[in-house]
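One-letter residues, chain by chain:
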Amino acid sequence: MRVALLVCLAALPRLAPAQSRDYPRDIFNTAQPVSGTTPFPHYDPHRLSDLYGKQHEIELQIFDTINEAALRRDKTLESDLKLYANSLGYIPSLAAAHYKWVFGDKAQLDWLLSEDKKHGYGADSLTIMVFAYMDEWDKTIRALKERDAYLRQGEGGATDEILYRAIEIRKRLYGADRFEKAWKAAKIK
């Protein structure tokens, strides 16, 4: 009986309702001195999900920005990439590997291929999209073709859509004839 009472008492603080007290909104505006934001007008515990969704969208936009800079061979992005290197997040780091590869770090392609395999051919891996932008015609085409062969076994889904989009982007960037020639020449296991 004492044990049950102690367990109930230990759990009580976790079951207590949140405080309903209103706090001044300006004390929850950490970003204001940095970016000039304004505080949220009221407390909403569900805001975290909304903000997290926006964070994912922003990471995808960073991914696109870095891939475009790589395509343009724009060295002006290099200083920002170095500045934010430790806090980019996984998705932008895939594009950063493409950028570094463009400017001579050929080990980045091997890292991307290893990341692609680590997550499996059925995963919604954005490495496929990086391969769409890369002007490399052996390993990346083989990776796309292996993914295509796997998906033809019936997996499909979002990965199928990403693969189709990657192939179409590659054709638009570098020409359908060049792509088809590389696709036919690529040997897969």
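Residues numbered from 1 in each chain as written. Predicted model: local features only at pLDDT ≥ 70, side-chain atom pairs only at ≥ 80, totals over all residues. Heavy atoms only, no water.

Draft legend 1. Spotlight on the pattern of salt bridges. The tally for this structure, following the rule as stated, stands at 10 salt bridges. Taking the shortest distance from any N to any O, the salt bridge between arginine 72 and glutamate 68 comes out at 2.8 Å. With arginine 72 and glutamate 68 both in helix H3 (residues 47–72) and four residues apart, the pair spans about one turn of that helix. By relative accessible area, which is 60% here, arginine 72 ends up exposed. Between lysine 139 and aspartate 110 there is a salt bridge, with the nearest N and O atoms lying 3.2 Å from each other. In this pair, lysine 139 sits in helix H8 (residues 139–151) while aspartate 110 sits in helix H6 (residues 107–119), placing the two residues 29 residues apart along the sequence. Here lysine 139 falls in the partly exposed class, since its relative accessible area comes to 31%. Overall, aspartate 110 belongs to the partly exposed group, its relative accessible area being 42%. Linked through salt bridges whose partners overlap, the residues forming this network are Glu168, Lys171 and Glu180. (Salt bridge = Lys/Arg side-chain N within 4 Å of Asp/Glu carboxyl O. Helix = DSSP H or I, 4+ residues; strand = E, 2+ residues; numbered from the N terminus. Buried < 20%, exposed > 50% of the residue type's maximum accessible area, 1.4 Å probe, protein only.)

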